[in-house]
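Architecture and fold: a report
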Amino acid sequence: MRLKELLPIIDCSIVRVYEKREHRIPTYIIMLNPKKNKGYISDDLLNREVDSISIGYNQSYAIRIFVREKKEEEENG
């Protein structure tokens, strides 16, 4: 599933997007509200494949989405 397909079905006001890397810790990319920030995300990011999703409960309720590393997508696709 691509990020642009997932965002419209999320009913949470805080979504954090990370780039999942093979041999390093994930890199933080952006925090957004999917109901309001639709026009401010690059097409490159929206077309990335979602690797995993998790829910964080520490400071605030938020959904964390991990997208695949860009290099990995280019090699496989």
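Reading guide: rules and limits
- Residues numbered from 1 in each chain as written.
- Predicted model: local features only at pLDDT ≥ 70, side-chain atom pairs only at ≥ 80, totals over all residues.
- Heavy atoms only, no water.
- Helix = DSSP H or I, 4+ residues; strand = E, 2+ residues; numbered from the N terminus.
- Contact = heavy atoms within 4.5 Å.
- pLDDT = per-residue confidence, 0-100.
- Salt bridge = Lys/Arg side-chain N within 4 Å of Asp/Glu carboxyl O.

Quick word on the environment of I29
- If you trace the backbone, I29 turns up in strand β2 (residues 27-32).
- Linking I29 and R16, residues 13 residues apart in sequence, is a C-alpha distance of 7.6 Å.
- Leave out the neighbours within four places in its chain, and I29 touches V17, Y18, E19, L45, R48 and V67.

Focus on the side chain of N33
- With respect to the helices, strands and loops of the structure, N33 is situated in the loop between β2 and α2 (43-46).
- Contacts of N33, omitting those with residues within four sequence positions, involve C12 and S13.

Side note on the confidence of the model for the chain
- The pLDDT averaged across the chain works out to 83; a share of 84% of its residues lies at or above 70.
- Averaged pLDDT values over the elements of the chain bottom out at 59 in helix α3 (residues 70-76) and peak at 92 in strand β1 (residues 15-20).

Thoughts on the pattern of salt bridges
- Taken as a whole, this structure holds seven salt bridges when the rule is applied.
- A salt bridge links D51 to K20, with the shortest nitrogen-to-oxygen separation between them at 3.0 Å. On the criterion of sequence distance, the pair formed by D51 in strand β3 (residues 50-56) and K20 in strand β1 is long-range, its members being 31 residues apart.
- Between D51 and R68 there is a salt bridge whose closest N-O contact spans 3.6 Å. Of the two residues, D51 sits in strand β3 while R68 sits in strand β4 (residues 62-68), which places them 17 residues apart along the sequence.
- Here the salt bridges share partners, and the residues they tie into one network are E19, R21, D44 and R48.

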